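Close look at the chain arrangement
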Amino acid sequence: RDIDTQANQTTAAQRLASSCFNPQRAPAASAIKELSGGATSTAGTMLPSARPLLAPAAAVLCFWLLVAVAEAKVHHYKWDISYQLKSPDCFEKLAVTVNGEAPGPTIRATLGDTIVVDVHNKLETENTAIHWHGIRQIGTPWADGVAGVTQCPILPGETFTYKFVVDRPGTYLYHAHYGMQRVAGLNGMIVVTVPEGFVEPFSYDEEHTVLLGDWWHKSVYEQATGLSANPFVFVTEPQSLLINGRGMFNCSLAPSGTCNASRPDCALPTLFTAVPGKTYLLRIGSLTSLSSLYFEIEGHPMMVVEADGHYVRPFAVRGLFIYSGETYSVLVKADQDPRRNYWAASHVVGRNPSQTPSGKAVVSYAFNGNNPWMPPPTAPPAGPPWNNTAIRVDQSRAIFAHPHFVEPMPARADRTLLFLNTQNRIDGHIKWTINGVSLMFPATPYLVAMKRGMKDAYEQRPPPDMYDHMSHDISAPAPTNGTVGSPVYRLALGSVVDVVLQNSNMLNNKSETHPWHLHGHDFWVLGYGEGKFNPAADAWRLLNVRDPIMKNTVPLHPDGWTAVRFRADNPGVWLFHCHVEAHVFMGMGVVFEEGVERVGRLPSSIMGCGRSKGLH
């Protein structure tokens, strides 16, 4: 249920927007409170903090935020989270649903609107939490939705309310962030449009959302148990790829009675119906749990115009490489023969796809004499070679900020973190580590523990900023075992931080793709490189400091490195992790804290677990 109510929030918006231009003050607590719906309690407010003067592109958005909030709305959703028997790929199994559906509903709002979601956990025997992927949660760090980091999980039978302002337009996602629950289907998309009067740097006739995923017939419990077991049991490759929650498994391979290809929901899905001559904006997001993908529409090239909520210098692709946690907007022109229909397909790349057939859907043409239900007359496209890393890196390097929307980057960093991804064997169990530390969430959420001064609730020893990059061989498995812990990288509020992600070979002596997602921030993508990053060499000269794109999720390609820069200007505690579900479950992530002393009184609703029991 979506209840749109007119919000009289102009005064609060003026204070919030004007703070964008004032380098001496942040959005006032009262402004954020009013924009979030006018809460009367002092719990859940932010204390002021110094913020830098924003760049022209950001200033434009701030201006439109000011204009938009005069028309701002509050979108109120009521969601029941429950297990339901579903057949997304013809094979029937339990899926975690939102109001009985998987994927869940698309949230649609305009810049400056407030989103309120009442989440009622009806899973009966399982906790939950929902992360609003790409929403920076400025002023509402407790609404980020990460169990163990920003809140206690939502217990069975309980209701938790998420409330936040969408502060920039773009295409975003939401998904479960408790254990490996995302694998079971709790996910969806968020579309934030520009206010009336704002002219985007492209035009189109209609828009559609495309949510890509992968799907297993094995339960999430079986997968998690195998990852934690000794001997180790991997999740295997997915049985299907889903497009908008639909796929087609070969039922002849399934046990009797579990798969029915004649079900109405097992028909070849239609992606959208095209009118000849029209231009379509496709908002594409990936919430795969393992797979890197290539998405294409037969005979229809795409013009990429947005990435993770930021306008890009437009560039054309035959198909789009997309990694878990990324979103892109592309323009597609309906300029092909309208007397037939065309394939849309997603393919696994970066991993051997022999066990995972391509996902398929149809783009049908609305034309007199064309049957919209007729499959295309051609064979489905096969996609590019799955193991060609170079063409994937080429696309990553082709993404630049739109020349009219470049947010100038700080000239230098105050701190540099060099993170080495390694797979280690710790106490007989296979784990992922960053600089030798495998992340384990504490029983008490970091945000609560750090704000309340509970120093014994998480590890106090600071994690290492660097690894021994001079002597470590990234082409060989990690030589040391590593440790499991819950340390925190404490960043100075307002400081500029460079992070270099370094890939290395796993225990099987292979290197694979890791899409990294930062909560609470967007970062500038400085560049990508092959081999080992050497800070002392001239690698820094290769980095893009002129027009880098800003994103919240970025791929770390096999046998290489990725460098990003961000400003630690959002008070709170934020997760930075690989978006492959099995990898973060096995410890591939770090936690950043910045300005937690600026966070006001925490809502009592995020407490109740670990040492936060009984706190208010």
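Model, not experiment: these values are computed from the prediction.

**Some thoughts on the overall build of the protein**
- Helices and strands together make up the secondary structure of the protein, namely 7 helices and 33 strands.
- Partitioning the contacts of the protein with sequence separation of at least 6, the portion at a separation of at least 24 is 80%.
- Accessible area of the protein: about 23200 Å², with a carbon and sulfur share of 54%.

**Looking at the state of the cysteines**
- Enumeration according to the criterion identifies 3 disulfides in this entry.
- The disulfide bridge from Cys251 ends at Cys259, spanning 2.0 Å between sulfur atoms. When the S-S torsion is -60 degrees, as for the bridge of Cys251 with Cys259, the disulfide is left-handed. For the pair Cys251 and Cys259, one class covers both residues: buried.

**Considering the pairing of strand S32 (residues 572-578)**
- Of all 7 residues that make up S32, 7 are buried, and the element is covered over most of its length.
- Bridge count between strand S27 (residues 514-518) and S32: 3 bridges; the pairing is antiparallel. Looking at S32, one finds that Leu518 is bridged to Phe576.
- Pairing of S32 with strand S33 (residues 589-594), which is carried by 6 bridges, proceeds in the antiparallel orientation.

**Here we look at the pattern of salt bridges**
- This model, assessed by the stated rule, comprises 24 salt bridges.
- Residues Asp308 and Lys551 are paired through a salt bridge, measuring 3.0 Å at the closest nitrogen-oxygen approach. In this pair, Asp308 is assigned in the loop between strand S15 (302-307) and strand S16 (310-317) and Lys551 in strand S29 (residues 550-551), connecting sequence segments 243 residues apart.
- For Asp308, a relative accessible area of 1% translates into the label buried.
- Of the residues examined, Lys551 reaches a relative accessible area of 2% and is grouped as buried.
- Notably, a salt bridge pairs Glu593 with Arg490, separated by 3.0 Å at the nearest N-O pair. In this pair, Glu593 is assigned in strand S33 and Arg490 in strand S25 (residues 489-491), connecting sequence segments 103 residues apart.
- Connected through salt bridges with shared partners, the residues Arg108, Glu207, Arg283 and Glu306 form a single ionic network.

**Regarding the packing of aromatic side chains**
- For the coordinates displayed, the defined rule picks out 22 aromatic pairs.
- Ring geometry for Trp79 versus Trp132: centroids 5.9 Å apart, planes at 45 degrees, classification tilted. One end of the pair, Trp79, is in strand S2 (residues 73-86); the other, Trp132, is in strand S6 (residues 130-133), with 53 residues separating them in the sequence. Just as Trp79 is buried, Trp132 falls in that class too.
- Look at Phe202 and Tyr311: their rings are 5.8 Å apart centre to centre, the planes differ by 75 degrees, and that puts the pair in the edge-to-face class. In this pair, Phe202 is assigned in the loop between strand S9 (187-193) and strand S10 (206-215) and Tyr311 in strand S16, connecting sequence segments 109 residues apart. For the pair Phe202 and Tyr311, one class covers both residues: buried.
- Of the aromatic side chains, those joined through ring pairs into one cluster are Tyr77, Trp79, Trp132, Phe160, Tyr162, Phe164 and Tyr174.

**Considerations on the sheet that holds S9**
- The mixed open sheet is built from 4 strands, whose spatial order is S4-S9-S8-S6. The open sheet has two edge strands with one neighbour each: strand S4 (107-110) and S6. Neighbouring strand axes in the sheet, compared pairwise and without regard to direction, differ in orientation by 20 degrees on average.
- As paired strands, S6 and strand S8 (residues 170-176) are joined by 4 bridges and run antiparallel to one another.

**Things to note about the confidence of the model for the protein**
- Overall, the prediction assigns the protein a mean pLDDT of 90, with 88% of residues at 70 or greater.
- Below pLDDT 50 for its whole length, residues 1-16 participates in 47 contacts with residues either more than four positions away or in separate chains.

**Focus: helix H4 (residues 220-228)**
- For H4, the full list of buried residues reads Val220, Gln223, Ala224, Gly226 and Leu227. Mapping the buried residues of H4 onto a view down its axis gives an arc of 160 degrees, with all of them on the same face.
- Buried positions along H4 lie against S2, strand S22 (429-434) and helix H7 (581-585).

**Some details on the nonpolar core**
- By size, the foremost hydrophobic cluster in this structure holds 120 residues, and its most contacted members are Trp132 and Phe592.
- Aside from chain neighbours lying at most four places away, what touches Phe592 is Leu417, Phe419, Val488, Tyr489, Leu491, Val499, Leu518, Phe566, Gly572, Val573, Trp574 and Phe576.
- Residues Met409, Leu418, Val500 and Met550 belong to the second largest nonpolar core, which totals 13 residues.

**So, the sheet that holds S25**
- Taking strand neighbours across the sheet as the criterion, the 5 strands line up as S25-S33-S32-S27-S30 in an open arrangement whose pairing is mixed. Among the strands making up the open sheet, the edge pair consists of S25 and strand S30 (553-556). For this sheet, the mean angle separating the axes of adjacent strands, direction not counted, is 20 degrees.

**Topic: the environment of Arg415**
- Tracing the backbone through its elements, the reader meets Arg415 in strand S21 (residues 415-426).
- For the pair Arg415 and Arg565, spaced 150 residues apart in the sequence, the C-alpha separation amounts to 9.9 Å.
- Those residues in contact with Arg415 that sit more than four places away from it in its chain are Asp465, Tyr489, Arg490, Leu491, Val496, Val497 and Asp498.
- At a separation of 2.9 Å, a polar atom in the side chain of Arg415 contacts the side chain of Asp465.

**Some remarks on the environment of Pro462**
- Of note, Pro462 is situated in the loop between helix H6 (446-451) and strand S24 (483-485).
- When the C-alpha positions of Pro462 and Arg490 are compared, they lie 8.1 Å apart, and in sequence the two are 28 residues distant.

So, how was this worked out
- Residues numbered from 1 in each chain as written.
- Predicted model: local features only at pLDDT ≥ 70, side-chain atom pairs only at ≥ 80, totals over all residues.
- Heavy atoms only, no water.
- Helix = DSSP H or I, 4+ residues; strand = E, 2+ residues; numbered from the N terminus.
- Contact = heavy atoms within 4.5 Å.
- Areas by Shrake-Rupley, 256 points an atom, 1.4 Å probe, with all protein chains shown as cover.
- Disulfide = S-S within 2.5 Å.
- Buried < 20%, exposed > 50% of the residue type's maximum accessible area, 1.4 Å probe, protein only.
- Pairing = 2+ DSSP bridges.
- Salt bridge = Lys/Arg side-chain N within 4 Å of Asp/Glu carboxyl O.
- Phe/Tyr/Trp six-rings, centres within 6.5 Å; stacked < 30°, edge-to-face > 60°.
- Axes fitted to C-alpha atoms, helices over the stretch in contact; angles between N-to-C directions.
- pLDDT = per-residue confidence, 0-100.
- Arc of directions from axis to C-beta.
- Core = buried A, V, L, I, M, F, W, Y, C linked by side-chain atoms within 4.5 Å.
- Polar contact = N/O pair within 3.5 Å; in protein donor to acceptor, adjacent residues only side chain to side chain.

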